[in-house]
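# Residue-level structural notes
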Amino acid sequence: MLQQKHDKLKALLGEMDSVVVAFSGGIDSTLLLKVALDTLGPDRVLAVTADSETYPARELEEARTLAAQLQARHEVVYTSELEIPGYKENTPNRCYFCKRNLFEELLPLLAREGFSNVAFGLIADDMGEHRPGVKAARELNVRGPLQEAGLGKEEIRALARELGLPNWDKPSFACLSSRIAYGEEITVPKLTRVDRAELYLQRLGFRQVRVRVHGEMARIEVEPAEMARLLEVSHAATEYLQGLGFQYVTMDLTGYKSGSMNRVLGAEAQS
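Per an unreviewed UniProt entry, the recorded name for the protein chain is ATP-dependent sacrificial sulfur transferase LarE, and the organism is Paenibacillus sabuli.

Written out as structure tokens, the structure is:
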């Protein structure tokens with residue numbers, strides 16, 4: 001089954017002929033870039049990474065390193081999501097504004113390169129979740145070949161490992177804005193505080209971690225298997241996060257869940 005989906009992905013990319021890949025450096029876009037390079041060749045693929053205040057600088061450096069390892073042509077575009085009308089207000093459709101802005105930055109590269117398509121790391125698992133960015137992709141005819149091939153996260157990791165990608169088991173990551181509760185304004189100080197809090201916990205050895213912000217409260221999510229260890233370091237972690245400005249520090253007893261801020265949304269908003 002995995003080989004069939006891999007073959008379908010290669011066929012889809014072959015039909016696309018040439019592609020600009022929105023490349024974050026995460027496992028999804030890395031696999032997309034790798035298969036695009038294998039299928040189309042380096043002259044018909046361009047990887048582009050957005051540099052903005054909503055992603056830590058270390059993520060950009062990882063993307064640069066991966067692109068070099070894959071021998072992909074790679075460019076960086078500079079964006080500021082906080083300057084996009086409708087973004088910093090942090091409504092449930094925030095990601096629509098972000099993705100629309102990103103794709104509008106990438107589309108001019110098609111004409112410059114003489115390429116046919118823009119593609120991004122949408123996966124099959126995303127289709128059952130609240131993903132406003134998908135609407136922006138559809139409006140601008142941006143493709144999601146991994147999703148079109150039916151590849152989910154675990155299959156993507158398995159295929160990436162099979163292809164020798166160094167980040168096949170990299171923890172999932174999303175922009176720092178996703179940590180802030182809907183309705184709370186997104187600001188650079190808030191994003192910086194979240195980044196520092198998560199980096200601290202990662203340095204303590206927690207692999208998959210989120211620090212969700214609800215006003216002055218930090219809600220920490222780790223994998224269920226790591227909850228006991230988080231309790232062991234709770235005093236030091238609380239002291240550090242309070243030093244960043246959080247008044248209250250809690251642990252979410254349901255554990256890490258991608259997109260957990262969407263729990264507050266009704267079924268209509270998530271469709």
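Next comes the rest of the write-up.
### Remarks on the side chain of E81
Among the secondary structure elements, E81 is positioned in the loop between β3 (74–78) and α4 (94–113). For the buried residue E81, which engages in no salt bridge, the nearest side chain bearing the opposite charge is K99, 7.9 Å off. Of note is the side chain of E81, whose polar atom sits 2.8 Å from the side chain of S52. Excluding its chain neighbours within four sequence positions, the residues that come into contact with E81 are S52, E53, T54, Y87 and C98.

### Re the packing of helix α8 (residues 188–203) against helix α10 (residues 234–244)
Axis separation between α8 and α10 bottoms out at 10 Å; the angle between their running directions is 160 degrees. Between α8 and α10, the angle is such that the two are roughly antiparallel. Of the two possible hands of crossing, α8 and α10 adopt the one that is right-handed. Across from R193, R196, A197, Y200 and L201 in α8, the residues of α10 making contact are A236, A237, Y240, L241 and L244. Split into classes, the residues belonging to the contact of α8 with α10 amount to eight nonpolar, no polar and two charged.

### A closer look at unusual backbone geometry
Positive phi values are uncommon outside glycine, yet Q71 reaches one of about 60 degrees. Along the chain, the position of Q71 falls in the loop between α3 (57–69) and β3. Within the chain, N90 stands out as a residue other than glycine whose phi angle is a positive 60 degrees. Within the secondary structure, N90 sits in the loop between β3 and α4.

### Remarks on the UniProt feature "active site" (unreviewed entry) in the protein chain
UniProt feature "active site" (unreviewed entry): in the numbering of this structure it lies at C175. Using a relative accessible area of 9% as the deciding quantity, one classes C175 as buried. Among all residues touching C175, those that are not within four sequence positions of it are T54, Y55 and Y87.

### Re the environment of R112
Structurally, the position occupied by R112 is in helix α4. Look at R112 and you get partly exposed, because its relative accessible area is 46%. The residues contacting R112, other than those within four sequence positions of it, are L46 and E75.

### Examining the environment of Q147
Of note, Q147 is situated in helix α6 (residues 145–148). Given a relative accessible area of 25%, Q147 falls into the partly exposed group. Ignoring anything within four residues of it in the chain, the contact list for Q147 reads L122, I123, A124 and M127.

### Topic: the pattern of salt bridges
This model, assessed by the stated rule, comprises 22 salt bridges. Between K170 and E62 there is a salt bridge, and its shortest N-O distance comes to 3.0 Å. A residue pair is termed long-range when its members are at least 10 positions apart, and K170 in the loop between α7 (153–162) and α8 and E62 in helix α3 qualify at 108 residues. K170 sits in the buried class, given a relative accessible area of 14%. Three or more residues joined by partner-sharing salt bridges are found here, namely R73, E75, R112 and E113.

### Details of the UniProt feature "domain: NAD/GMP synthase" (unreviewed entry) in the protein chain
The feature "domain: NAD/GMP synthase" (unreviewed entry), as given by UniProt, occupies residues 16–77 in the numbering adopted here. Span residues 16–77 is 45% helix and 24% strand, its end C-alpha atoms 23 Å apart.

Conventions adopted
- Residues numbered from 1 in each chain as written.
- Predicted model: local features only at pLDDT ≥ 70, side-chain atom pairs only at ≥ 80, totals over all residues.
- Heavy atoms only, no water.
- Helix = DSSP H or I, 4+ residues; strand = E, 2+ residues; numbered from the N terminus.
- Buried < 20%, exposed > 50% of the residue type's maximum accessible area, 1.4 Å probe, protein only.
- Lys, Arg positive; Asp, Glu negative; His and termini not counted.
- Salt bridge = Lys/Arg side-chain N within 4 Å of Asp/Glu carboxyl O.
- Polar contact = N/O pair within 3.5 Å; in protein donor to acceptor, adjacent residues only side chain to side chain.
- Contact = heavy atoms within 4.5 Å.
- Axes fitted to C-alpha atoms, helices over the stretch in contact; angles between N-to-C directions.
- Parallel < 35°, antiparallel > 145°, perpendicular 65-115°, else oblique.
- Left-handed = near helix turned anticlockwise from the far one by under 90°.
- Nonpolar A, V, L, I, M, F, W, Y, C, P; charged D, E, K, R; others polar.
- UniProt positions renumbered as here; feature names shortened; annotations may be inferred.

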